[in-house]
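Survey of secondary and tertiary structure
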Amino acid sequence: MRTFGLVVNRHLAAPVVRPVVEEMLARLDPAGVRLVMLGNGADLALPVEAATDAERVEMVIALGGDGTVLSAARWAAPREVPVLGIRMGRLGFLSEVEPSGISTALGKCLCGDYVLEPRAMLEAAIIRETGRVEAGVALNDLVITKGTLLRPVSTEVRVNDEPVASFLGDGVILATPTGSTAYSLSAGGPILTPDVQGIIITPLCAHSIVARTVVVGPNNVVRVTLLSARKGAILVLDGQESHNLAHGEAVVARQAARPALLIRLRPWSFFEVLRERLEKRGS
C-alpha cells in the first residue's frame, strides 16, 4: 500500500482542519493510499494514525502555510521525499494549493502529473569543546543570534577557513536563495531567485555602518564563531528549532547534499508572488 505523510500547523483550529483532512481521506482511501501523521498532530484529534519509524512515506502533504512547508522539508529532504504545500492562510512562496483544490491536486499527485522543484538546503553543525554536534538542516535560514537577555554578541565569519569579517550586534543570518525573501531580506539582504546557487551571509543589526551582506558559492563552508557572548547565544533553524551556544563555540554551515523537493502542479511565477508579498509588506 502506498503511504502519504501529513504535517499540520498545530496552531490551526480543529474545526478548520478536520474537513480538509476528511476530504483528503475521501480522495486517497479509494486509491489505496494510507495517510499517516508526521510530527505532533494529536492535539487536533484528526482521523489519521501516527507514522511509525519504519513507515515508507512516498510524499508529504504540508497543511498550513510556508512555515509548515519548512517543517515538512526538514523531515522530507534528507529522505528524498517530495512535499506538497496546502495553503491555509495568506499567500506564500512555498505552498501553492488552495483548500478548494485539494481533490484535484491529489488526483494529479496520484497519477504523477506534477514536476519537482529542487530547493537548496543548508546543514549546520555546532563545534563545542566536547566535539562536533550535528544540528540539522534548514530550507530558509540558520540564524546565530543573541540569547534571552538581549546582550549583543561578537561573531567572526570565515569562508573555507579564510577570515571574512567580524560583527558586533544581534548576530548573523546564513540563508538559502529560498530564505532570501525571509529574515535576511528584513535585515537588508538581497533577493535571490530560487534557481540561484549560493549561501547568503547577512549581519544582523551590526554596530557598524560598513557591515554588508556577502553571497558565496554553494560549495563553500561558512564558519561563524562566537568571540564574545557573555550571556550566551542561540542557533535557530528556520525560526522553528533552536540550540544553545556558548562563548567560543562555532556553527559550521554548508549546502546540504539533498535539496528539498517541492511539488508543482502548474506553472508558478516567483516574481508574481514576490510582487504581491512586497505590496502587502508595504501596506
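The model shown is predicted, which means the values in this text are computed figures rather than measured ones.

Rules used throughout
Residues numbered from 1 in each chain as written. Predicted model: local features only at pLDDT ≥ 70, side-chain atom pairs only at ≥ 80, totals over all residues. Heavy atoms only, no water. Pairing = 2+ DSSP bridges. Helix = DSSP H or I, 4+ residues; strand = E, 2+ residues; numbered from the N terminus. Axes fitted to C-alpha atoms, helices over the stretch in contact; angles between N-to-C directions. Phe/Tyr/Trp six-rings, centres within 6.5 Å; stacked < 30°, edge-to-face > 60°. Lys NZ or Arg CZ within 6 Å of the ring centre and 35° of its normal. Salt bridge = Lys/Arg side-chain N within 4 Å of Asp/Glu carboxyl O. Buried < 20%, exposed > 50% of the residue type's maximum accessible area, 1.4 Å probe, protein only.

1. Here we look at the sheet that holds strand S14 (residues 214-216)
On the basis of which strands lie adjacent, the open sheet formed by 6 strands has the order S14-S13-S12-S9-S16-S17 and antiparallel pairing. Only two strands of the sheet have a single neighbouring strand rather than two, namely S14 and strand S17 (241-245). Each strand axis lies, on average, 20 degrees off the axis of its neighbour in the sheet, ignoring direction. Pairing between strand S9 (residues 141-146) and strand S12 (residues 171-175): 5 bridges, direction antiparallel. For Ile 144, the partnering residue across the bridge sits in S12 and is Val 172.

2. A look at the packing of aromatic side chains
Across all of its chains, the model carries 3 aromatic pairs by this definition. Look at Phe 270 and Phe 271: their rings are 5.4 Å apart centre to centre, the planes differ by 80 degrees, and that puts the pair in the edge-to-face class. Grouped by ring-pair contacts, the aromatic residues Phe 93, Trp 268, Phe 270 and Phe 271 constitute a single cluster. Geometry around Trp 268 places Arg 264 over its ring, the cationic atom sitting 4.2 Å from the centre.

3. Some words on the sheet that holds strand S18 (residues 250-255)
Spatially, the 6 strands line up as an open sheet ordered S8-S7-S18-S15-S10-S11, and their pairing is antiparallel. Every interior strand has two partners, whereas the edge strands, strand S8 (131-138) and strand S11 (162-169), have only one. Pairwise comparison of adjacent strand axes, ignoring direction, gives a mean angle of 20 degrees for this sheet. For strand S10 (residues 153-159) and S11, the ladder comprises 7 bridges, and the chain directions are antiparallel. Considered in S11, the bridge of Glu 156 is made with Ser 166.

4. Quick notes on the pattern of salt bridges
Applying the stated criterion across every chain, the model contains 16 salt bridges. Here Arg 74 and Asp 238 are joined by a salt bridge, their closest N and O atoms 3.2 Å apart. Pair noted here: Arg 74 is in helix H2 (residues 66-76) and Asp 238 is in the loop between strand S16 (233-237) and S17, with a separation of 164 residues, a long-range link. The exposure class assigned to Arg 74 is buried, which follows from its relative accessible area of 11%. The buried category is assigned to Asp 238, whose relative accessible area is 7%. When salt bridges that share partners are traced, they join Glu 96, Glu 117, Arg 119, Arg 264 and Arg 266 into one network.

These figures come from the coordinates and say nothing about function on their own.
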